[in-house]
Amino acid sequence: MGCSESDYAYLRELVLEESANRIDPSRNALFDTRLKPIARLAGAKGLKDFVNILKADRAPHLHRAVAEAMTINETSFFRDLKSFEMLRETILPRLIEQRRDERRLRIWSAASSTGQEAYSVAMLIAEHLPELAGWDVKIIGTDISRYVIDYAQRARYRRLEVNRGLPVRMLLKYMAHDGEEWEISPRIRAMCEFQYANLCAPLPKLPVFDLVMLRNVLLYFPPRDRSYLFGDVHRQMAPDGCLILGNAEQAEDSSDLFEVEFASNSYCYRPVVAGV
Ligand SMILES: C[S@@+](CC[C@H](N)C(=O)[O-])C[C@H]1O[C@@H](n2cnc3c(N)ncnc32)[C@H](O)[C@@H]1O
């Protein structure tokens, strides 16, 4: 395939506009590989031709497809173990205390990719927090890529994927071997739902969340989109809820909305409540 620098610049700008993802020019070659199937479907002879179609047609579904195809979906079970230890030792026990009367918890895996994050939280709850049995607990995973949402809903993983981060004991307890794949057990699946949401556009109707995991996605966003997103996340959270970011991410440019809390050798963010 291949196209001119100005065509790549057009594609980078399109992705930024659609998904807030910044793509460094050093990664231009990624457009060639990732956009090949979409370009072919659109009837283009090559990437250059596809860019011309995108410019001429401005078809929203094609623009969205480009942004989705360029997402980085890297994830694994129990990624950044320290965050899960903090969940188990501090955050979830505190939420159990706070929600003792309602017996209801809503957890958001924002940018859930192929679902390992949401299923890890569900397994952690099943394994370590028996007090939550009988509660109304839902973990809602959202992502901009329809491909990863379908993947998460399918709840089936290859050996390579389950070998990354999932302790064997949990694998055997919460997944069933089926041919070449492992399938998440119905009990864990029942706690998780997945749906489309673009974090840099108006959010769909979602519940108020007690816990938000917004991990390893902010790093792709420019500062302006990060700060809009922190505003949206703050509005979507219970005032006594908790936000967890990825290891390399911080909410320091939104200190008016969130304050950092150190817990269990890690840290999370608590909403700043107006007037308090
Ligand atoms: C690197 S993965 C992180 C997955 C998981 N949170 C984790 O930490 O392992 C980033 C995910 O963010 C999604 N993403 C990127 N831009 C997004 C946007 N604007 N709205 C929603 N999801 C987005 C990508 O599709 C991808 O699945």
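Residues numbered from 1 in each chain as written. Predicted model: local features only at pLDDT ≥ 70, side-chain atom pairs only at ≥ 80, totals over all residues.

Novice: So what about the overall build of the protein? Which residues, and what values?
Specialist: When you go through the protein residue by residue, the secondary structure sums to eleven helices and ten strands. Relative to a compact globule of 276 residues, whose C-alpha radius of gyration would be 19 Å, the protein shows 20 Å and is just as compact. In terms of its C-alpha atoms, the protein occupies a principal-axis envelope of roughly 60 × 55 × 30 Å. In the protein, the share of contacts with a sequence separation of at least 24, taken over all contacts with a separation of at least 6, comes to 75%. (Helix = DSSP H or I, 4+ residues; strand = E, 2+ residues; numbered from the N terminus. Rg over C-alpha atoms; globule rule 2.2 N^0.38 Å. Contact = placed C-beta atoms within 7 Å.)

Novice: Please provide a residue-by-residue account of the packing of helix H1 (residues 5–19) against helix H3 (residues 47–57), values included.
Specialist: Where H1 contacts H3, the two axes come as close as 10 Å, and the packing angle between them is 50°. Classified by the angle between their axes, H1 and H3 sit oblique to one another. Seen along the crossing, H1 lies across H3 with a hand that is left-handed. In this structure, H1 uses Asp7, Tyr10, Leu11 and Leu14 to contact H3, whose residues at the interface are Lys48, Val51, Leu54 and Lys55. Tallied by class, residues from the contact of H1 with H3 come to five nonpolar, no polar and three charged. (Axes fitted to C-alpha atoms, helices over the stretch in contact; angles between N-to-C directions. Parallel < 35°, antiparallel > 145°, perpendicular 65-115°, else oblique. Left-handed = near helix turned anticlockwise from the far one by under 90°. Nonpolar A, V, L, I, M, F, W, Y, C, P; charged D, E, K, R; others polar.)

Novice: Requested: an account of the site of the ligand, with residues and values cited.
Specialist: Residues in close proximity to the ligand total 24 residues, the closest being Thr71, Thr75, Ala111, Ser113 and Leu199. Broken down by class, the residue content of the shell around the ligand amounts to nine nonpolar, ten polar and five charged. Two domains each put at least three residues into the shell around the ligand: domain 1 (5–69) and domain 2 (81–271). (Near = placed C-beta within 6 Å. Domains from an automatic or database assignment.)

Novice: Hey, could you go over the environment of arginine 94 for me, with residue numbers and the actual values?
Specialist: In this structure, arginine 94 sits in helix H5 (residues 81–98). On the basis of neighbour count, arginine 94 is assigned to the partly exposed category, with 14 C-beta atoms found within 10 Å. Sequence-wise, arginine 94 and glycine 241 are 147 residues apart; in three dimensions their C-alpha atoms are separated by 9.8 Å. (Buried ≥ 20, exposed ≤ 12 C-beta atoms within 10 Å, placed from the backbone.)

Novice: Just give me the short version of the pairing of strand E2 (residues 136–143), but keep the residues and values in it.
Specialist: Direction of pairing for strand E1 (residues 104–110) relative to E2: parallel, over a ladder of seven bridges. Along E2, the bridge assignment pairs serine 109 with glycine 141. In this view, the connection linking E1 to its parallel neighbour E2 by way of helix H6 (residues 116–128) has right-handed handedness. Bridging between E2 and strand E6 (residues 192–196) involves five bridges; their strand directions are parallel. Note on E6: the bridge partner recorded for glycine 141 is phenylalanine 194. (Pairing = 2+ DSSP bridges. Right-handed = clockwise from strand over helix to strand, strands pointing away.)

Novice: Outline the domain arrangement of the protein, supporting the account with residue identities and numerical values.
Specialist: In terms of domains, the protein is made up of domain 1 (5–69) and domain 2 (81–271). In this complex, domain 1 contributes six residues to the contact, which on the side of domain 2 involves ten residues. Its residues assigned to classes, the side of domain 1 that touches domain 2 shows two nonpolar, two polar and two charged.

Novice: Any chance you could break down the pairing of E1 for me, citing the residues and the numbers?
Specialist: Residues in a regular strand project their side chains so that they alternate between the two faces of the sheet. Extensive coverage of E1 is indicated by the burial of six of its seven residues. As paired elements, E1 and strand E7 (residues 209–214) share four bridges and run parallel to each other. If you follow serine 109 over to E7, its bridge partner there is methionine 213.

Novice: Explain H1 to me, and be specific about the residues and the numbers.
Specialist: Taking 1.5 Å per residue, 15 residues should reach 21 Å; H1 reaches 21 Å between its end C-alpha atoms and fits that length. Taken residue by residue, H1 has Tyr8, Leu11, Leu14, Val15, Glu18 and Ser19 as its buried positions. For H1, the angular spread of the buried residues around the axis is 120°, confining them to a single face. Pointing more than 90 degrees away from the buried face of H1 are the exposed residues Glu5, Ser6, Ala9, Glu13 and Glu17. (Expected span 1.5 Å × (residues − 1). Arc of directions from axis to C-beta.)

Novice: Could you give me a rundown of the nonpolar core, with the residues and numbers involved?
Specialist: The tendency in soluble globular proteins is for nonpolar side chains to be buried side by side. One finds Ile91, Ala122, Leu211, Val212, Leu214 and Leu243 to be the most contacted residues of the largest nonpolar core, which totals 60 residues. Those residues in contact with valine 212 that lie beyond four places of it in its chain are Trp108, Ala110, Val233, Met237, Gly241 and Leu243. Leu14, Val15, Leu47 and Met70 belong to the second-largest nonpolar core, a separate cluster that totals 17 residues. (Core = buried A, V, L, I, M, F, W, Y, C linked by C-beta atoms within 7 Å.)

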